[in-house]
Amino acid sequence: MMSSTAAMRDRIAMYNGNALKIGIFGANCSSGRSATTVPERWSASWPDCLRLARMADEAGIDFVLPIGRWKGYGGDTDFHGSTLETVTWATGLLGATRRITVFGTVHAPLFHPLIAAKEFVTADHIGEGRFGINLVVGWNEGEFEMFGVTQREHDTRYDFAQEWLDAVKLAWTAEDEFDFDGRFLQLKHVRANPKPYGETRPIIMNAGSSPVGQSFALRNCDAFFVATAGSRTSLEGNAKKVSEIKRAASEFGREIEVYTVGQVICRPTQQEAEDYYRHAIIENADWGAIDGMLAIKNITPQTIPPEEYAAKRRYFAANAIGGYPFVGTPDRVAEELDSISKAGVRGIALSFVNYLLELPYFCDEVLPRLARLGARAPH
Ligand SMILES: Cc1cc2nc3c(=O)[nH]c(=O)nc-3n(C[C@H](O)[C@H](O)[C@H](O)COP(=O)(O)O)c2cc1C
């Protein structure tokens, strides 16, 4: 029998030899990662999600990462107004797929850790070791207000998340009944069986960007998602960033993989790709939704000068919501993805304006190029 360390390594590698892991990001939310009014924008309906996950699984895509979102951002489309809850969504998709890793995204303050631990184990058994967790602490005040839950002060959210995750991990591993007596959580005579699948545990990821959020990721996560490791910066710049993160993790005695996010618009010619990017992401942006997202971050025409606001709004639509835009021909998109792989980035979660319409072209044209470049194993 394989040792549990080797089994965990396989699991973190998503059970394949691809150097660059590729995932689908945000498909459980209406409009995905594109605040656009174009009619083909993403529905996030269950039948569409199911077809997408099966297609991705068949094509050798490595993982699916949803967004934990409870409330829309308004605007003409009510961006993210329709969302499927991520752990139940992941469980359904795991039952319908064979190879792909599926994450669930949980807000620690909104889920009781023992309910969460058992949901994760259930999903993990259904997926036979393919379930992963994105642990988030929340940043969107309106969502918490909706639950009647008061947000803790920023850094304390991560103290709470630490305790929450410690309790979940204990429930996954403790052979005997245990008590948990923390600053926030007091749990008595806890019993939790079964344990996660195959003497391993779900992959844990996080995307904190503040110093405290990053430190939480370094101490606890297998995969750390950073929003800015696109090919916007140089190969050397990305490589430096990756090695800094790995070095910082090693100070905690840990190994961590760096992931990032991006949006793909891939077409046979550069002109077609750029035209569609401008059409969908800029000319038909849902500006009301973008204003709503910025307002949550306290960026409004009242808080900053109008020209600065106009520039922020445009930047947000063009680069921030979906992550770095990979816009171009299959050759160009493959080269850019290969460049981040060469910089040591372990994987990337990608979004498309309409995932189902656009994924086949990406898989047919970009994946084989990545295999030829050595970033992925041939499928
Ligand atoms: C790839 C990625 C996925 C994220 N997913 C979610 C999510 O599903 N729900 C959420 O509330 N926040 C999500 N976030 C926000 C982060 O968890 C985090 O709160 C944010 O980056 C701010 O960092 P901080 O908490 O350290 O201040 C995500 C961020 C990134 C880059």
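A few points about the site of the ligand
Here is step 1 of the chain: Around the ligand there are 17 residues in total, and G68, H154, Y158, A207 and S210 lie nearest to it.
Here is step 2 of the chain: With respect to the ligand, the backbone of A207 contributes an N or O atom lying 2.9 Å from an oxygen atom.
Here is step 3 of the chain: A distance of 2.6 Å is found between an oxygen atom of the ligand and a side-chain nitrogen or oxygen belonging to S210.
Here is step 4 of the chain: For the ligand, whose unbound accessible area comes to 620 Å², protein coverage reaches 86%.

Here we look at the pattern of salt bridges
Here is step 1 of the chain: Applying the stated criterion across every chain, the model contains 18 salt bridges.
Here is step 2 of the chain: Where R346 meets E257, a salt bridge forms, and the shortest distance between an N and an O atom there is 3.5 Å. Separated by 89 residues along the polypeptide, R346 in the loop between α12 (330-342) and β11 (347-351) and E257 in strand β9 (residues 257-266) bring together distant segments of the chain. E257 carries the same exposure label as R346, and that label is buried.
Here is step 3 of the chain: For R332, the salt bridge identified is with E336, shortest N-O distance 3.6 Å.

Some words on the nonpolar core
As a rule of thumb, soluble globular proteins bury nonpolar side chains together.
Here is step 1 of the chain: One finds I24, I61, F120, W164, L337 and F362 to be the most contacted residues of the largest nonpolar core, which totals 84 residues.
Here is step 2 of the chain: Per element, the largest residue contribution to this core is nine residues, and it comes from helix α6 (residues 154-173).
Here is step 3 of the chain: Every residue in contact with W164, bar those within four places of it in the chain, is listed here: V106, A108, F111, H112, P113, A116, F120, L135 and L185.

Considerations on the packing of aromatic side chains
Here is step 1 of the chain: Taken as a whole, this structure holds 16 aromatic pairs when the rule is applied.
Here is step 2 of the chain: Centroid distance F120 to W164: 6.4 Å. Interplanar angle 65°. Geometry classified as edge-to-face. Of this pair, F120 sits in helix α4 (residues 113-126) while W164 sits in helix α6, and the two are 44 residues apart along the sequence.
Here is step 3 of the chain: Pairing F120 with W172 gives two aromatic rings, centres 6.3 Å apart and planes at 65°, and the pair type is edge-to-face. Pair noted here: F120 is in helix α4 and W172 is in helix α6, with a separation of 52 residues, a long-range link. Like W172, F120 is buried.
Here is step 4 of the chain: Above the ring of F160, the side-chain terminus of R152 is found at 4.1 Å from the ring centroid.
Here is step 5 of the chain: Positioned above the aromatic ring of Y276 is the side chain of R267, whose terminal nitrogen or guanidinium carbon lies 4.6 Å from the ring centre.

About the criteria used
Residues numbered from 1 in each chain as written. Predicted model: local features only at pLDDT ≥ 70, side-chain atom pairs only at ≥ 80, totals over all residues. Heavy atoms only, no water. Near = heavy atom within 4 Å. Polar contact = N/O pair within 3.5 Å; in protein donor to acceptor, adjacent residues only side chain to side chain. Areas by Shrake-Rupley, 256 points an atom, 1.4 Å probe, with all protein chains shown as cover. Salt bridge = Lys/Arg side-chain N within 4 Å of Asp/Glu carboxyl O. Helix = DSSP H or I, 4+ residues; strand = E, 2+ residues; numbered from the N terminus. Buried < 20%, exposed > 50% of the residue type's maximum accessible area, 1.4 Å probe, protein only. Core = buried A, V, L, I, M, F, W, Y, C linked by side-chain atoms within 4.5 Å. Contact = heavy atoms within 4.5 Å. Phe/Tyr/Trp six-rings, centres within 6.5 Å; stacked < 30°, edge-to-face > 60°. Lys NZ or Arg CZ within 6 Å of the ring centre and 35° of its normal.

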